[in-house]
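Structural characterization, general
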Amino acid sequence: MKELSSVTVNPLWLEFIKAVKKEVVPALGCTEPISLALAAAIAAQRLAKPVERIEAKVSANLMKNGMGVAVPGTGTTGLLIAAAVGALGGDPEGKLEVLKKLTPEQIVTGKRMIAEDRVQLSIAHVPNILYSEARVIHGEDWVRVCIADAHTNVVLIEENGKIVFQNEPQNTIAVDMDKYSLIGVRASDVYNFAVEAPLEMISFIREAATLNESLSKVGMDGQYGLHIGATMNRQIYQGLLSDSLFTQILMRTAAASDARMGGATLPAMTNSGSGNQGIAATMPIIVVAQHIKADEETLIRALMLSHMMAIYIHDKLPKLSALCAVTTASMGAAAGMSWLLKGDFETVSMAISNMIGDVAGIICDGASNSCAMKVSTSATAAYKAVLMALEGIRVTEYEGIVANDVDQSIANLGELACQGMSQTDEQILQIMLKKK
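Residues numbered from 1 in each chain as written. Predicted model: local features only at pLDDT ≥ 70, side-chain atom pairs only at ≥ 80, totals over all residues. Heavy atoms only, no water.

As annotated in an unreviewed UniProt entry, the protein chain is UPF0597 protein JBW_03771 from Pelosinus fermentans JBW45. What UniProt records for the protein chain under Sequence similarities (unreviewed entry) is the sentence "Belongs to the UPF0597 family." (UniProt positions renumbered as here; feature names shortened; annotations may be inferred.)

Here's what the structure looks like:
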């Protein structure tokens, strides 16, 4: 990592920078099928021969999140097309933008492979919540690549039965130089970092606004997903909605998710491995900052507060679970909006607690166009939570899973996702598999 600044800074802030630079990155398409596409692309590069067949395996959670989502540029949904085009035209160095250079010919060939039943997909019985594996085959030769625990974390490469790379647990530190720790961190630490850190240290977060606002503008055209943003825009002109700040937050945030989930060939800036989480943590901040005519530094600090708070909260959750993590990303947005509108930690913490008391139980039933509905619902909850906090109103420790201390409320939410919703997750997948 480059030198951040000659200024002496809090060592904890350096951990936050590592966290944001690792968790807030561009991705083209939903990150679960993209992870499988990356495994296939790396395997195909190692094979160095035309890919004749593909055998893919994914964890149950990744199957859930990849079954119904559009793969950018292909006009097709699901993991089969992701594996096929990843092997045929994926950039193995592209990470979450692995499909950025796809050609129409490669997409046609990938669809033909699927039609000819030359791409197989099954559930891998592995302990990893996030796992994707691609075995690409030419004649008797084959290469297998396995990714686990993070969307781009290659843990195994095997060629014709010989292991040529394996990421052993003891080598994790050597392999992952950007590993970070949030042990002992509190929400107030995140707040202080966002509002006090030298601007040159955090200004890179501005790209999140650039990428996700571009997606939002595309989504407003009404060509992708469920057309939520475009529909709401029409309803303003029909007199069914007022053109308020609330409506703009809801509409423009949903539009970005419409575009992303509907297959637009533009990257999203992610948060914690998810484009929708990145959108949820970004778009409400942009809309409110524009409304109050915030300057560039204020926008950057609000974006950093939102994204880092979302990472801090998501760190208490499994990588994938039955709890829709767009809600936790929107808790970051609630923090950022609160700071923009009032500028103190007490209001920020009240807004987060209000959200935990409101939308903590939304389920994740896989990635699909309907994710934009959850994004819009969470953006609505975030702004409502902020409005309450601005008036000094919050869900109290006597209600539900919310505690008096915001950090304990966040910890309670994490316990719910890690322990209480595991059976829910299994049931959701079974329901989805029956549909297929």
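Now that the structure is up, let's keep going.
What follows concerns the overall build of the protein chain. Check the secondary structure of the protein chain and you find 18 helices and ten strands. Compactness check: the protein chain gives a C-alpha radius of gyration of 21 Å against a globular reference of 22 Å for 436 residues, within 12% of the reference. Taken over 436 residues, the protein chain has a buried fraction of 56%. The contacts in the protein chain between residues at least 6 apart in sequence include a share of 76% that link residues at least 24 apart. Total accessible area on the protein chain stands at roughly 17900 Å², and carbon and sulfur atoms take up 51% of it. (Helix = DSSP H or I, 4+ residues; strand = E, 2+ residues; numbered from the N terminus. Rg over C-alpha atoms; globule rule 2.2 N^0.38 Å. Buried < 20%, exposed > 50% of the residue type's maximum accessible area, 1.4 Å probe, protein only. Contact = heavy atoms within 4.5 Å. Areas by Shrake-Rupley, 256 points an atom, 1.4 Å probe, with all protein chains shown as cover.)

In this section: helix H10 (residues 228-237). Since one α-helical turn is 3.6 residues long, residues separated by three or four positions face the same way. By the burial criterion, the buried members of H10 are Ile-228, Gly-229, Ala-230, Met-232 and Ile-236. At its buried positions, H10 is contacted by helix H9 (206-219), helix H11 (245-261) and helix H16 (371-390). One or two residues past the end of H10 sits Gly-239, with phi positive at roughly 85 degrees.

Right, let's get into the packing of helix H15 (residues 345-359) against helix H17 (residues 406-420). H17 packs onto H15 with a crossing angle of 25 degrees between their chain directions and a minimal axis gap of 9 Å. When the axis of H15 is compared with that of H17, the two are roughly parallel. For H15 against H17, the interelement crossing comes out left-handed. Facing H15, whose interface residues are Phe-345, Ser-349, Ile-352, Ser-353 and Ile-356, H17 presents Val-406, Ser-409, Ile-410 and Leu-413. By residue class, the composition of the contact of H15 with H17 is six nonpolar, three polar and no charged. (Axes fitted to C-alpha atoms, helices over the stretch in contact; angles between N-to-C directions. Parallel < 35°, antiparallel > 145°, perpendicular 65-115°, else oblique. Left-handed = near helix turned anticlockwise from the far one by under 90°. Nonpolar A, V, L, I, M, F, W, Y, C, P; charged D, E, K, R; others polar.)

Attention now goes to unusual backbone geometry. With a phi close to 50 degrees, Asn-160 is a non-glycine residue in the positive phi region. Here Asn-160 shows up in the loop between strand E8 (154-159) and strand E9 (162-166). Backbone geometry at His-227 places phi at a positive 60 degrees, although glycine is not the residue there. Considering the arrangement of structural elements, one finds His-227 in the loop between H9 and H10.

Judged by nonpolar contacts, the single largest core of 133 residues is most densely connected at Phe-193, Leu-305, Met-308, Met-309 and Ile-352. Considering every element that reaches this core, the biggest residue donor is helix H13 (residues 296-314), with twelve residues. Inspection of this core shows a minimum of three residues originating in each of domain 1 (31-166) and domain 2 (187-434). Those residues in contact with Ile-352, other than ones at most four positions away along the chain, are Met-309, Ile-313, Met-331, Ala-335, Val-406 and Ile-410. Among the nonpolar cores identified, the runner-up in size contains seven residues, and Ile-228, Met-232, Leu-250 and Met-251 belong to it. (Core = buried A, V, L, I, M, F, W, Y, C linked by side-chain atoms within 4.5 Å. Domains from an automatic or database assignment.)

Further remarks concern the packing of aromatic side chains. Aromatic rings considered in pairs are described by the distance between their centres and by the relative angle of their planes. One pass over the full model with this rule turns up four aromatic pairs. A centroid spacing of 5.9 Å and a plane angle of 35 degrees characterise the contact between Phe-246 and Tyr-383, whose relative ring orientation is tilted. Highlighted residues: Phe-246 in helix H11 and Tyr-383 in helix H16, separated in sequence by 137 residues. Of the aromatic side chains, those joined through ring pairs into one cluster are Trp-13, Phe-16 and Phe-193. Just above the ring of Phe-204 sits the side chain of Lys-21; from NZ or CZ to the centre is 5.0 Å. (Phe/Tyr/Trp six-rings, centres within 6.5 Å; stacked < 30°, edge-to-face > 60°. Lys NZ or Arg CZ within 6 Å of the ring centre and 35° of its normal.)

Right, let's talk about the pattern of salt bridges for a bit. Counted under the stated rule, the structure contains 16 salt bridges. With a closest N to O distance of 3.1 Å, Arg-186 and Asp-407 form a salt bridge. On the criterion of sequence distance, the pair formed by Arg-186 in the loop between helix H6 (172-175) and helix H7 (187-196) and Asp-407 in helix H17 is long-range, its members being 221 residues apart. Linked by salt bridges that have partners in common, Arg-53, Glu-55 and Arg-135 make up one network. (Salt bridge = Lys/Arg side-chain N within 4 Å of Asp/Glu carboxyl O.)

To continue, consider the confidence of the model for the protein chain. The predicted coordinates ought not to be read in detail in places where the model reports low pLDDT. Averaged over all residues, the pLDDT of the protein chain equals 91, while 95% of them reach at least 70. Note that pLDDT drops below 50 for residues 1-6; the model gives that stretch ten contacts with residues more than four away or on any other chain. Low pLDDT, under 50, characterises residues 169-175; the stretch is placed with two contacts to residues that sit more than four places away or in other chains. (pLDDT = per-residue confidence, 0-100.)

The next thing to look at is the pairing of E9. Relative to E9, E8 runs antiparallel, the two sharing four bridges. Across the sheet, residue Glu-158 finds its bridge partner in E9, namely Ile-163. Hairpin remark: E8 followed by E9, antiparallel, with two residues in the connecting loop; positive phi at Asn-160, about 50 degrees. (Pairing = 2+ DSSP bridges.)

With that settled, consider the pairing of strand E2 (residues 53-58). Side chains Ile-54, Ala-56 and Val-58 project from E2 onto a buried face, and the interleaved Arg-53, Glu-55 and Lys-57 project onto a face without burial. Pairing geometry for E2 and strand E6 (residues 131-138), over six bridges, is antiparallel. Residue pairing across strands places Glu-55 opposite Arg-135, the latter belonging to E6. Two strands pair when backbone bridges link them, and E2 and strand E5 (residues 119-123) are joined in this way by five bridges, in the parallel orientation. Within E5, the residue paired with Lys-57 across the bridge is Ser-122.

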